[in-house]
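# Structural characterization, general
What follows is each chain in one-letter form.
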Amino acid sequence: MRYRATGVGTSVVSAQWERKDDDREIARRVLNLLEDRRLLWIDLRWEIPSDCAYSADYTRKELAKHLDNPEISEGLTRDLKALQGLFRDFMGKCDDRRPPHGFGFGADEVSVAIGELRAQVGIIVGTLAATYDLEVSDDLASIVPDAEGWFFERFGIERN
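Remember, it's a predicted structure, so these values are computed and weren't measured experimentally.

The rules behind the values
- Residues numbered from 1 in each chain as written.
- Predicted model: local features only at pLDDT ≥ 70, side-chain atom pairs only at ≥ 80, totals over all residues.
- Heavy atoms only, no water.
- Helix = DSSP H or I, 4+ residues; strand = E, 2+ residues; numbered from the N terminus.
- Expected span 1.5 Å × (residues − 1).
- Buried < 20%, exposed > 50% of the residue type's maximum accessible area, 1.4 Å probe, protein only.
- Contact = heavy atoms within 4.5 Å.
- Axes fitted to C-alpha atoms, helices over the stretch in contact; angles between N-to-C directions.
- Parallel < 35°, antiparallel > 145°, perpendicular 65-115°, else oblique.
- Left-handed = near helix turned anticlockwise from the far one by under 90°.
- pLDDT = per-residue confidence, 0-100.
- Salt bridge = Lys/Arg side-chain N within 4 Å of Asp/Glu carboxyl O.

Because each turn of an α-helix spans 3.6 residues, side chains separated by three or four positions in sequence point in the same direction. Compared with the 27 Å implied by 1.5 Å per residue over 19 residues, the 27 Å span of helix α2 (residues 49–67) between its first and last C-alpha is a close match. For α2, the set of buried residues is Cys52, Ala53, Ser55, Ala56, Asp57, Thr59, Glu62, Leu63, His66 and Leu67. In this structure, the buried residues of α2 make contact with α1 (23–35), α3 (74–93) and α4 (109–132).

In contact at an axis separation of 11 Å, α1 and α3 are set at 20° when each is read in the N-to-C sense. Taken as axis vectors, α1 and α3 run roughly parallel relative to one another. The element α1 and its partner α3 pack so that their crossing is left-handed. Here Asp23, Ile26, Ala27, Val30 and Leu34 of α1 come into contact with α3, specifically with Leu76, Leu80, Leu83 and Phe87.

On average, residues of the protein chain score 81 in pLDDT, and 71% of them are at 70 or above. Per-element confidence in the protein chain ranges from a low mean pLDDT of 51 for strand β1 (residues 2–9) to a high of 96 for α1. Below a pLDDT of 50 lies the segment residues 101–106, which in the model reaches 10 contacts outside its immediate sequence neighbourhood of four places, other chains included.

Following the criterion strictly, the structure yields 9 salt bridges and no others. Arg60 serves as the salt-bridge partner of Asp57, at 2.4 Å between the closest nitrogen and oxygen. Placement of both Asp57 and Arg60 in helix α2 is noted, with a separation of 3 residues, approximately one turn of the helix. Residue classification places Arg60 among the partly exposed positions, given a relative accessible area of 21%. By sharing partners, the salt bridges in this structure join Asp21, Glu25, Arg28 and Arg29 into a single network.

Put into structure tokens, the structure is as follows:
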């Protein structure tokens, strides 16, 4: 976190400071947001399509708030826009008005869409955590791909 001087006084020496978020702080807030999204890690049997769509919409809107930060770098902007796009695309796949297709639990369109979302978000979560040296909850870490154990070894997480 950075601070920027916004004013100084003269009669009784004073200074005013403004807190400025750096990329690490923004990334930390994004990971905290994602850790609270059950959609990303809870057992598929407990998911309700309309709740999933609501959660994705909420996440997309919260990511937009972080993207409005004038202090954000191009690299982090790219990652957050990618996340925002993933949640937007997912919302289109969770439309309750469409008839279900598939051959039983786990094969319907929403379950497939959740799996795709988790896989793609997991890559970005791992990248953010590694880039900014941030901790990730066990639940959220469960969607990060285990490419030769790099992520889990880095954060000392044991997987069952």
